[in-house]
Structure formats: structure tokens, C-alpha cells
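# Notes for the structure review
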Amino acid sequence: MTEKGFSLIEVMIAMVILAFVVIGVMAMFQWADHGLQQGAKGTHALALAEARLEAKRNGPWNALLADDLDLDGNAEIHMRDDGIQDDAQAGDNIYTAGAEIEGIHLVWTVQPDRLGHLYTAGSVVIRARASYQVGNGQWRAIEIGTLRSNPLYVGKR
């Protein structure tokens with residue numbers, strides 16, 4: 001009886017406590033991984049929106065309503081103002097196009113500063129909105145915009 005040590009009950013209680021700690025740590029790693037994945041998806045959505053904005057800002061004015069998404073020299077998408085698909089309302093002078101890219105719904109618009117043909121406008125407002133699902137039916141959206149002036153415009157404001 002002079003030997004010292006742990007009893008079987010004490011060892012079993014320590015193992016149960018350790019098991020709960022390990023389960024908690026694993027749950028935290030899973031939660032952190034989910035957060036990292038959502039952050040990466042948000043960063044990717046922002047990059048897609050910025051890329052659309054830059055393409056519209058740097059392309060030729062006469063090709064403002066055409067989009068070459070795969071960069072092969074041929075426009076795959078032509079922006080419309082007809083109230084179909086991503087365009088909210090026909091005839092509102094906001095030209096719209098959209099695409100689904102790697103689970104991110106990207107919509108971009110070009111809105112001239114005046115009614116009429118786009119080429120007679122002095123400037124346009126360009127917006128891009130990227131929406132993505134974060135789980136449980138919840139969606140997040142990132143929206144950015146810029147103003148571009150018509151380099152060929154001559155006239156009064």
C-alpha cells in the first residue's frame with residue numbers, strides 16, 4: 001500500500017476530459033477552415049468584379065457594350081437593356097450583362113449620363129456586382145463602381 005500512482009478511475013476521467021478537449025479543438029479547426037474558404041470566395045468575387053470594371057474602363061469606347069470573357073478576340077456577351085435575364089427593367093437606359101463564374105454570379109452594368117445612343121453620352125457609370133453563397137441559403141454580395149468619360153465627346157454638360 002505504500003506504492004503511489006493513479007488509480008484506474010483517475011486515468012479514465014483524464015482520458016474523457018482529454019477527448020472533450022480534442023473534439024473542441026477539432027471543431028475550432030473546422031470552423032476556421034470554413035471561415036478561410038468563405039474569405040477566399042469573397043476575395044475571388046471581388047477580383048472578378050474588379051476585372052470586369054477594369055475591362056470596361058480600359059477598352060475602346062465603341063466596344064463598351066461587348067464583352068470578351070475568354071480573351072480570344074471575339075465578344076461572347078453583348079450588354080442589353082431589354083428587361084431579360086439580369087437586366088432589371090427594359091428601356092431604363094442601363095445596359096446589363098451577367099455570367100456565372102465558379103459559383104459566383106457576376107452582373108455588370110453601364111449607364112450613360114443621358115438618354116439616347118451610348119456614343120453621344122459624355123460619360124457612363126460602370127458597376128459590377130458579384131454575389132456568392134455562404135451556406136444555409138445565405139448570399140453575400142460585393143458591388144463596386146466607377147465613372148468613365150467618353151474620350152470622343154464634344155458638347156455641353
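Residues numbered from 1 in each chain as written. Predicted model: local features only at pLDDT ≥ 70, side-chain atom pairs only at ≥ 80, totals over all residues. Heavy atoms only, no water.

### Comments concerning the pairing of strand β3 (residues 95–101)
What counts here: The pairing criterion is simple: DSSP has to find at least two bridges between the two strands. Helix and strand labels come from DSSP, where a helix needs a run of H or I of at least four residues and a strand needs a run of E of at least two; each type is numbered from the N terminus.
Two strands pair when backbone bridges link them, and β3 and strand β4 (residues 104–112) are joined in this way by 7 bridges, in the antiparallel orientation. Looking at β4, one finds that Ala 97 is bridged to Trp 108. As consecutive antiparallel partners, β3 and β4 are separated by 2 residues, and within that stretch Glu 102 has a phi angle of approximately 55°, a positive value.

### Focus on a nonpolar patch on the surface
Which entries qualify depends on this criterion: Like-charged residues within 9 Å of one another, or nonpolar side chains (Val, Leu, Ile, Met, Phe, Trp, Tyr) within 5 Å, are grouped into patches, provided each residue has over 30% relative accessible area and no salt bridge. Computed with a 1.4 Å probe, the accessible areas rest on the Shrake-Rupley method; for each residue, only the protein chains presented here act as cover. Definition used for salt bridges: Asp or Glu carboxyl oxygen within 4 Å of a side-chain nitrogen of Lys or Arg. Under the scheme applied here, a residue whose accessible area is under 20% of the maximum for its type counts as buried, over 50% as exposed, and between as partly exposed, the area being computed with a 1.4 Å probe on protein chains only.
On the surface, Ile 9, Ile 13, Ile 17, Leu 18, Val 21, Val 22, Val 25, Met 26, Met 28 and Phe 29 cluster together to form a nonpolar patch covering roughly 1,000 Å² of accessible area. In this fold, Val 22 is placed in helix α1 (residues 8–58). Judged by its relative accessible area of 40%, Val 22 is partly exposed.

### Section: the packing of aromatic side chains
To be explicit about the condition: Two aromatic rings, drawn from Phe, Tyr or Trp (for Trp, its six-membered ring), form a pair once their centres lie within 6.5 Å of each other, and the interplanar angle then sorts them: stacked below 30 degrees, edge-to-face above 60, tilted otherwise. Lysine NZ or arginine CZ positioned within 6 Å of the ring centre and within 35 degrees of the ring normal marks a charge as sitting over the ring.
Here the structure, examined in full by the defined rule, presents 0 aromatic pairs. A cation sits over an aromatic face here: Arg 52 above Trp 108, 5.2 Å from the ring centre.

### Considering the environment of Val 134
The line we're drawing: Here, two residues are considered to be in contact whenever any of their heavy atoms come within 4.5 Å of each other.
Mapped onto the fold, Val 134 is located in strand β5 (residues 123–135). Considering only alpha carbons, one finds Val 134 and Gln 38, 96 residues apart in sequence, at a separation of 6.5 Å. With residues near it in sequence (within four places) discarded, Val 134 still touches His 34, Gln 38 and Arg 140.

### Looking at the side chain of Asp 87
This is how it is decided: For this analysis, a polar contact is any N or O atom pair within 3.5 Å, provided that within protein one partner can donate a hydrogen and the other can accept it, and provided that sequence-adjacent residues contribute only side-chain to side-chain pairs.
Among the structural elements, Asp 87 can be located in the loop between β2 (77–78) and β3. A distance of 2.9 Å separates a polar atom in the side chain of Asp 87 from the backbone nitrogen of Asp 82.

### Some words on the sheet that holds β5
Formally: Angular values range over 0 to 180 degrees, each being the angle between N-to-C directions of two axes fitted as lines to C-alpha atoms, with helices fitted over their stretch in contact.
The antiparallel open sheet is built from 4 strands, whose spatial order is β3-β4-β5-β6. Where the open sheet ends on each side, the last strands, each with one partner, are β3 and β6 (138–149). For this sheet, the mean angle separating the axes of adjacent strands, direction not counted, is 15°. Its contacts with the sheet place α1 against β3, β4, β5 and β6, and it is angled at close to 160° to β5.

### Observations regarding the pairing of β6
Two elements, β5 and β6, share 12 bridges in a ladder whose sense is antiparallel. Bridge pairing in β6 links Ala 130 to Ile 142.

### Quick look at α1
Structurally, the α-helix is built with 3.6 residues per turn, so residues lying three or four positions apart point the same way. What counts is decided by this rule: The span you would expect from a helix comes to 1.5 Å times its residue count less one.
Between the first and last C-alpha of α1 there are 74 Å, a value that for 51 residues agrees with the 75 Å anticipated at 1.5 Å per step. Burial in α1 covers these residues: Gln 38, Gly 42, Ala 45, Leu 48, Ala 49, Arg 52, Leu 53 and Lys 56. Elements that come into contact with the buried residues of α1 comprise β1 (66–67), β3, β4, β5 and β6.

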